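# Working through the structure, step by step
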Amino acid sequence: MFGWFSKRSWHPELLPALIGKEGELVIGLTNVPCLRDEISGDRKYLYSDFGLEFLNAFYDAVGGAKQAQSLLLAGSAIQGLVHLPHQLRIGVHMHGRPSGSVREFEADIPDALTSAFDTVQLRPR
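Residues numbered from 1 in each chain as written. Predicted model: local features only at pLDDT ≥ 70, side-chain atom pairs only at ≥ 80, totals over all residues. Heavy atoms only, no water.

## Some points on the packing of aromatic side chains
Geometry of an aromatic ring pair is reported as the spacing of the ring centres plus the angle between the planes. Here the structure, examined in full by the defined rule, presents eight aromatic pairs. On the numbers, 5.8 Å between centres and 65° between planes, the contact of Y45 with F117 is edge-to-face. Highlighted residues: Y45 in the loop between β3 (43-44) and α1 (50-61) and F117 in helix α3 (residues 102-118), separated in sequence by 72 residues. Per residue, the accessibility class of Y45 equals that of F117, and both read buried. Note on F54 and F58: the rings are 6.1 Å apart at their centroids and 45° apart in plane angle, and the pair reads as tilted. With F54 and F58 both in helix α1 and four residues apart, this pair spans about one turn of that helix. The same class applies to F54 as to F58, namely buried. Here the aromatic residues Y45, Y47, F50, F54, F58, Y59 and F117 are joined through ring pairs into a cluster of three or more. (Phe/Tyr/Trp six-rings, centres within 6.5 Å; stacked < 30°, edge-to-face > 60°. Helix = DSSP H or I, 4+ residues; strand = E, 2+ residues; numbered from the N terminus. Buried < 20%, exposed > 50% of the residue type's maximum accessible area, 1.4 Å probe, protein only.)

## As for the side chain of Q69
Structurally, Q69 can be placed in helix α2 (residues 65-73). Filtering out sequence-adjacent residues up to four positions away, Q69 remains in contact with P98, S99, G100, S101, V102 and F105. (Contact = heavy atoms within 4.5 Å.)

## Describing the pairing of strand β5 (residues 88-96)
Looking at chain direction, strand β2 (residues 25-37) and β5 are connected through six bridges and run antiparallel. Bridge assignment links G28 to a residue of β5, and that residue is H93. Bridge count between strand β4 (residues 78-84) and β5: seven bridges; the pairing is antiparallel. Across the sheet, L84 pairs through a bridge with L88, a residue of β5. (Pairing = 2+ DSSP bridges.)

## What about the side chain of S99?
As for its placement among the helices and strands, S99 is situated in the loop between β5 and α3. On the basis of relative accessibility, which here comes to 18%, the residue S99 falls in the buried class. Those residues in contact with S99, other than ones at most four positions away along the chain, are Q69, E104, F105 and D108.

## Details of the packing of α1 against α3
With their axes 12 Å apart at the nearest point, α1 and α3 run at an angle of 125° to one another. When the axes of α1 and α3 are compared, the pair comes out oblique. Note on packing geometry: the crossing formed by α1 with α3 is right-handed. Counting all contacts with α1, which are made through F50, F54, L55, F58 and Y59, the residues of α3 involved are E106, I109, P110, L113 and F117. When grouped by side-chain class, the residues that make up the contact of α1 with α3 number nine nonpolar, no polar and one charged. (Axes fitted to C-alpha atoms, helices over the stretch in contact; angles between N-to-C directions. Parallel < 35°, antiparallel > 145°, perpendicular 65-115°, else oblique. Left-handed = near helix turned anticlockwise from the far one by under 90°. Nonpolar A, V, L, I, M, F, W, Y, C, P; charged D, E, K, R; others polar.)

Here's what the structure looks like:
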């Protein structure tokens, strides 16, 4: 009745570019896969473990927090590919000034990634 209880229809979508910031740290992502409801436009992660798997693979792609912080402090930008199951490859670009300690910097990365996902309202399942 009135279409209030219609079943959601999720379809795969590939997001071309996202940018997230935390302080002076900027992280760009390309080709982020997700699912989108065709009626509401809501987006959610492609699968339930996507967030954790992505974060772990992100650290691998940038060489770990300590190495990434050193490169950024030297004025370099970091580019790489995040490799996930199902042959998913997400492009990564990171630049800017990291926080002072490795521990703070390591905590800023998930915040910047969340900021990027928030730009398109991409949420966990």
